[in-house]
Amino acid sequence: AGAMLAGFSARRNMTQAPIDVYSWATPNGHKVHIMLEECGLPYRAHPIHIGKGDQFDPGFLKISPNNKIPAITDPLGPDGQPISLFESGAILVYLAGKTGKFLPTGDRERYDVLQWLMFQMGGVGPMLGQAHHFRLYAPEKIGYAIERYSNEAKRLYGVIDKQLSRHPFIAGDSYSIADIAIFPWLRSWENQGIVLADYPHLKKWFEGIAARPAVQRGVKVLADLRQPLTGDKEREILFGSTQYQRH
C-alpha cells in the first residue's frame, strides 16, 4: 500500500487531465467544488439537475449508485487508470491524497481531521438537511419535526463553536478537508433557525473561510443554474415516490 501511495504522490506533478465533476449547487456539491479550487486541479463541472431527475439517469447511476450528487471521474487514478467515486467525504479524502493537501500525514493530526469529517457526514449534513426539509420544503408544517431538527441544528452549531473556541480551524491549527466539508452546510444558517451571532467563534471562522478566494469561486460553480424549488413535479422527484423506485 505504501508503494502505491508513493506512486500516486509521484504522479502529482504529471500533466493532469481535467477531472469530471457531476454535481449541483448544493452543500455537498460545493464541498467538492471548493476542494478542487483549493487544490488548483483542472476540472469540468457537469450539472446534474436533481429537480428534473438527472440523478436517475443510467449513465450517472454507473458512477453514483446511490443517485446522489456529487460524483467524480478522474482519468488519472492511483494506478494511472480512470477512477470514479461517489460520496462527497470520500471524494475529499481522495483529492487530499492525490494532491497532498488539506489532510495531514501525521497519524494523530490525520485522525483529528477525519473524525471531524465524519462528524459532518454523519451529523451536520443529515441533521441540517432535515432542518431544511421540515422548515422549508415539507408540504405540511409539522411542529414536532421543526422543533426537533431546529434544536439539533443549534446543538451542532454549539459543538462547532466550542471546538473553534479552542482552535482556529475545525480540526486544529490548520485548514483542512474538515473545514471544507462543514462550511457549505452552514451557509444557510438562517434557514436552519440559527442566529449566527449566538456562536461568536463559529461566526469568526465562517467569515474567514468565506473570504478565501478558492471558496468564493467554489460556491459559484453551477450556482447560476439553480432555481428556487417551487414546482410540485420537482418536489415529487426530490421527496416523493420517485426517490424510492428501483432504478
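See above for the structure.
Residues numbered from 1 in each chain as written. Predicted model: local features only at pLDDT ≥ 70, side-chain atom pairs only at ≥ 80, totals over all residues. Heavy atoms only, no water.

Here we come to the overall build of the chain. Assigned secondary structure in the chain consists of 10 helices and 4 strands. Across the chain, helices and strands are ordered from the amino to the carboxyl terminus as α-β-α-β-α-β-β-α-α-α-α-α-α-α. When burial is assessed residue by residue, the chain has 47% of its 247 residues classed as buried. Put simply, of all contacts in the chain between residues at least 6 apart along the chain, 68% involve residues at least 24 apart. Accessible area for the chain stands at about 12,600 Å²; split by element, carbon and sulfur atoms hold 53% of it. (Helix = DSSP H or I, 4+ residues; strand = E, 2+ residues; numbered from the N terminus. Buried < 20%, exposed > 50% of the residue type's maximum accessible area, 1.4 Å probe, protein only. Contact = heavy atoms within 4.5 Å. Areas by Shrake-Rupley, 256 points an atom, 1.4 Å probe, with all protein chains shown as cover.)

Moving on: the packing of aromatic side chains. Applying the stated criterion across every chain yields a total of 7 aromatic pairs. Geometrically, the ring pair formed by Phe 102 and Tyr 175 is edge-to-face, given 5.4 Å between the ring centres and 85 degrees between the ring planes. In this pair, Phe 102 is assigned in the loop between α4 (88-99) and α5 (107-137) and Tyr 175 in the loop between α6 (143-164) and α7 (177-186), connecting sequence segments 73 residues apart. Exposure class is identical for Phe 102 and Tyr 175. Each is buried. (Phe/Tyr/Trp six-rings, centres within 6.5 Å; stacked < 30°, edge-to-face > 60°.)

As for its placement among the helices and strands, Trp 185 is situated in helix α7. Note: C-alpha distance between Trp 185 and Val 124 (61 residues apart in sequence) is 7.3 Å. In this structure Trp 185 touches Pro 27, Asn 28, Lys 31, Gln 120, Val 124, Gly 125, Leu 128, Gly 129, His 132, Tyr 157 and Gln 192, once residues within four positions along its chain are discounted. Of note is the side chain of Trp 185, whose polar atom sits 3.1 Å from the side chain of Asn 28. (Polar contact = N/O pair within 3.5 Å; in protein donor to acceptor, adjacent residues only side chain to side chain.)

With that settled, the discussion passes to the nonpolar core. Leu 95, Leu 186, Leu 202 and Trp 205 are the most contacted members of the largest nonpolar core, which totals 49 residues. Elements with a contribution of two residues or more to this core: β1 (19-23), α2 (27-39), α4, α5, α6, α7 and α8 (200-210). Counting residues per element, this core draws most heavily on α7, at 8 residues. Not counting the four nearest positions on each side in its chain, Leu 186 is found in contact with Val 124, Leu 128, Tyr 157, Ile 160, Leu 202, Trp 205 and Phe 206. Counting residues in hydrophobic clusters, the runner-up holds 7 residues, among them Ile 48, Phe 60, Ile 63 and Ala 71. (Core = buried A, V, L, I, M, F, W, Y, C linked by side-chain atoms within 4.5 Å.)

This brings us to α4. With 12 residues, α4 ought to run about 16 Å at 1.5 Å a step, and its terminal C-alpha atoms sit 16 Å apart, in line with that. Taking burial as the measure, the 12 residues of α4 include 9 buried ones, the bulk of the element. Those residues of α4 not exposed but buried are Ser 88, Gly 89, Ile 91, Leu 92, Tyr 94, Leu 95, Ala 96, Lys 98 and Thr 99. Immediately beyond the C-terminal end of α4, within one or two residues, lies Gly 100, with a positive phi of roughly 70 degrees. (Expected span 1.5 Å × (residues − 1).)

Turning next to the pattern of salt bridges. This model, assessed by the stated rule, comprises 6 salt bridges. The partner of Arg 212 in a salt bridge is Glu 38, and the shortest N-O contact between them spans 2.8 Å. Of this pair, Arg 212 sits in the loop between α8 and α9 (213-218) while Glu 38 sits in helix α2, and the two are 174 residues apart along the sequence. By relative accessible area, Glu 38 is classed as buried at 14%. Lys 203 is the partner of Glu 207 in a salt bridge, and the nearest nitrogen-oxygen pair spans 2.7 Å. Placement of both Glu 207 and Lys 203 in helix α8 is noted, with a separation of 4 residues, approximately one turn of the helix. Residue classification places Glu 207 among the partly exposed positions, given a relative accessible area of 43%. (Salt bridge = Lys/Arg side-chain N within 4 Å of Asp/Glu carboxyl O.)

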